[in-house]
Amino acid sequence: MESTIETFDFIELERHHGAHDYHPIPVVLERGEGVFLWDVEGKKYYDFLSAYSAVNQGHCHPRIVKALQDQAQILTLTSRAFHNNKLGAYMKYVTEYFGFERLLPSNTGAEAVEAAIKIARKWGYTKKNIPENKAEIIVCKQNFHGRTSTIISFSSDHDSRQHFGPHATGFISIPYNDITALESVLQNHSNVAGFLVEPIQGEAGVFTPDPDFIKKARALCSKYNVLLMADEIQTGIGRTGALLAVCGNCDCTGHCERQEDTYSRPDILILGKAISGGAFPVSAVLCDAHIMDVIQPGQHGSTFGGNPMACTVAMEALQVIRDEKLTQNARRLGNRFRTAMQNYIDNSSIVLSVRGRGLLNAIVINDSEESKTAWNICLKLKENGLLAKPTHGNIIRFAPPLVMTEAQLDDCIAIITTTLSEFES
Ligand SMILES: *Cc1c(COP(=O)(O)O)cnc(C)c1O
């Protein structure tokens with residue numbers, strides 16, 4: 001009987017029994033390997049979303065799967081009421097990997113952003129002497145930092161906010177990539193604890209700021225004694241052709257003496273998604289001791305945070321990034337992808353532009369935000385064997401796993417350009 005269940009039936013099951021909080025591309029996936037996914041009808045696809053950049057290491061990476069399986073047979077969860085024998089080694093490994101003194105373990109991206117906000121506020125009260133309940137955090141318009149009630153309070157997206165109030169206060173919103181606006185807020189507000197920013201705005205449509213935006217923001221934060229809080233949940237861990245997007249043009253795999261002129265070191269670094277290679281929910285906040293140590297026992301916590309499964313899987317996933325030189329591969333393939341897309345765009349009326357860094361890219365479709373063109377292109381891409389999703393009505397993000405080969409990328413470029421040409425007028 002099961003064998004007669006097909007795509008439509010799976011989708012109906014979800015529709016009948018689940019919350020309607022997503023509008024997925026109508027494909028039902030059952031298997032993944034490397035850059036490929038297979039649906040329940042046996043059709044094979046290139047994955048060009050990578051679970052929003054969580055699967056940088058490719059689907060079901062054998063080393064990550066083995067780490068997960070091995071640890072699952074030994075110990076899965078103790079809670080932080082007791083120590084476990086993986087957490088310390090994990091904290092040492094990750095802090096050395098990214099060059100910070102302390103790590104706070106958590107599970108989802110939004111949870112790590114929440115923790116970072118708490119740390120910044122408490123730092124503001126105890127180290128900067130901000131009057132109690134007056135701390136402010138600067139954020140950017142069009143941001144995406146997750147879906148909790150505090151985080152959506154400073155979203156500029158109507159659907160994310162409407163009817164979910166009353167909204168949390170203490171946030172000041174400035175336009176993205178606007179260093180003048182940042183300086184003006186810093187000049188006029190003495191109670192600012194942090195500036196929370198994505199080095200590239202992923203969900204907004206891969207908005208890539210001026211090359212010196214983060215560097216200038218770093219300098220301003222230092223000048224005004226404000227914490228630079230980098231949300232690298234989507235941009236981090238090799239995705240943009242650097243270990244972190246804040247590394248700029250530094251070509252290291254995470255073990256360099258970072259050069260002042262390329263690396264803008266955040267005070268607080270927020271990671272999630274690819275830190276586990278998509279095998280387990282893992283996120284983290286990283287900063288130095290003089291900031292992290294404002295949090296004392298009883299002031300923060302998470303039952304699953306720092307569990308031995310998460311620690312083991314994340315260490316292996318980060319080691320895979322380094323061993324397989326995925327950062328360098330993302331940089332090389334990203335350049336190849338944008339060059340090919342630009343060549344196509346030069347003779348196109350349906351695509352306006354391509355932008356991005358490394359393998360975090362997007363194309364802008366020549367139609368309105370409200371149009372269905374990008375969605376229809378994604379449906380056609382699916383038919384042609386490639387899975388991508390619009391971030392907005394007229395923007396399609398392209399973010400394949402970083403384990404892709406050059407030949408596979410060329411294959412994908414052919415699928416994308418052939419599909420786009422069907423939409424040219
Ligand atoms: C995905 C994402 C988040 C939220 O992560 P979740 O695991 O979905 O809670 C936060 N910030 C950025 C930049 C993201 O891309």
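Here, every reference points to the structure presented above.
Residues numbered from 1 in each chain as written. Predicted model: local features only at pLDDT ≥ 70, side-chain atom pairs only at ≥ 80, totals over all residues. Heavy atoms only, no water.

Novice: Tell me about the environment of Ala219, and name the residues and values.
Specialist: Residue position: Ala219 is located in helix H9 (residues 213-223). Between the alpha carbons of Ala219 and Ser264 there is a distance of 8.8 Å; along the sequence they are 45 residues apart. (Helix = DSSP H or I, 4+ residues; strand = E, 2+ residues; numbered from the N terminus.)

Novice: Give a description of the site of the ligand that names residues and reports values.
Specialist: Lining the immediate environment of the ligand, one finds Thr108, Gly109, Ala110, Phe144, His145, Gly146, Glu198, Asp231, Ile233, Gln234 and Lys273. One of the side-chain nitrogen or oxygen atoms of Asp231 is found 2.7 Å away from a nitrogen atom of the ligand. Between the ligand and Gln234 there is a distance of 2.8 Å, counted from an oxygen atom to a side-chain nitrogen or oxygen. For the ligand, whose free accessible area comes to 380 Å², the fraction covered by protein is 81%. Looking at the shell around the ligand residue by residue, the class counts come to three nonpolar, five polar and three charged. (Near = heavy atom within 4 Å. Polar contact = N/O pair within 3.5 Å; in protein donor to acceptor, adjacent residues only side chain to side chain. Areas by Shrake-Rupley, 256 points an atom, 1.4 Å probe, with all protein chains shown as cover. Nonpolar A, V, L, I, M, F, W, Y, C, P; charged D, E, K, R; others polar.)

Novice: Hey, could you go over the packing of aromatic side chains for me, with residue numbers and the actual values?
Specialist: Applying the stated criterion to the full structure yields nine aromatic pairs. A ring pair is formed by Phe36 and Trp38, whose centres lie 6.2 Å apart and whose planes are at 55°; its orientation type is tilted. When sorted by exposure, Phe36 lands in the same class as Trp38, which is buried. Ring plane angle 40° and centroid distance 5.6 Å describe the contact between Tyr93 and Tyr97, whose orientation is recorded as tilted. With Tyr93 and Tyr97 both in helix H4 (residues 87-98), this residue pair falls four residues apart, about one helical turn. Among the aromatic residues, ring-to-ring pairing joins Phe36, Trp38 and Tyr46 into one connected group. Between Lys44 and the ring centre of Phe36, over which it is positioned, the NZ or CZ distance is 4.1 Å. A cation sits over an aromatic face here: Arg265 above Phe100, 4.3 Å from the ring centre. (Phe/Tyr/Trp six-rings, centres within 6.5 Å; stacked < 30°, edge-to-face > 60°. Buried < 20%, exposed > 50% of the residue type's maximum accessible area, 1.4 Å probe, protein only. Lys NZ or Arg CZ within 6 Å of the ring centre and 35° of its normal.)

Novice: How would you summarise the nonpolar core if you had to cite specific residues and measurements?
Specialist: Note on soluble globular proteins: their nonpolar side chains tend to be buried together. With 94 residues, the main nonpolar core has Phe48, Tyr90, Phe98, Phe195, Leu386 and Phe398 as its most contacted residues. Residue contributions to this core peak at nine residues, all from helix H11 (residues 308-323). Ile151, Phe154, Met229 and Cys287 belong to the second-largest nonpolar core, a separate cluster that totals 27 residues. (Core = buried A, V, L, I, M, F, W, Y, C linked by side-chain atoms within 4.5 Å.)

Novice: I'd like a description of the sheet that holds strand S3 (residues 44-47), backed by residues and values.
Specialist: Pairing between the strands of a sheet is mediated by backbone hydrogen bonds and can be parallel or antiparallel. Taken together, the four strands give an open sheet; going across it, the order is S1-S2-S3-S13, and neighbouring strands pair in mixed fashion. In the strand order of this sheet, the two ends are held by strand S1 (29-33) and strand S13 (386-387), each with one partner. Two strands pair when backbone bridges link them, and strand S2 (residues 36-39) and S3 are joined in this way by three bridges, in the antiparallel orientation. Counted as the bridge partner of Leu37 is Tyr45 from S3. Lying on the sheet, helix H14 (residues 406-421) is in contact with S2, S3 and S13; it crosses S3 at an angle near 100°. (Pairing = 2+ DSSP bridges. Contact = heavy atoms within 4.5 Å. Axes fitted to C-alpha atoms, helices over the stretch in contact; angles between N-to-C directions.)

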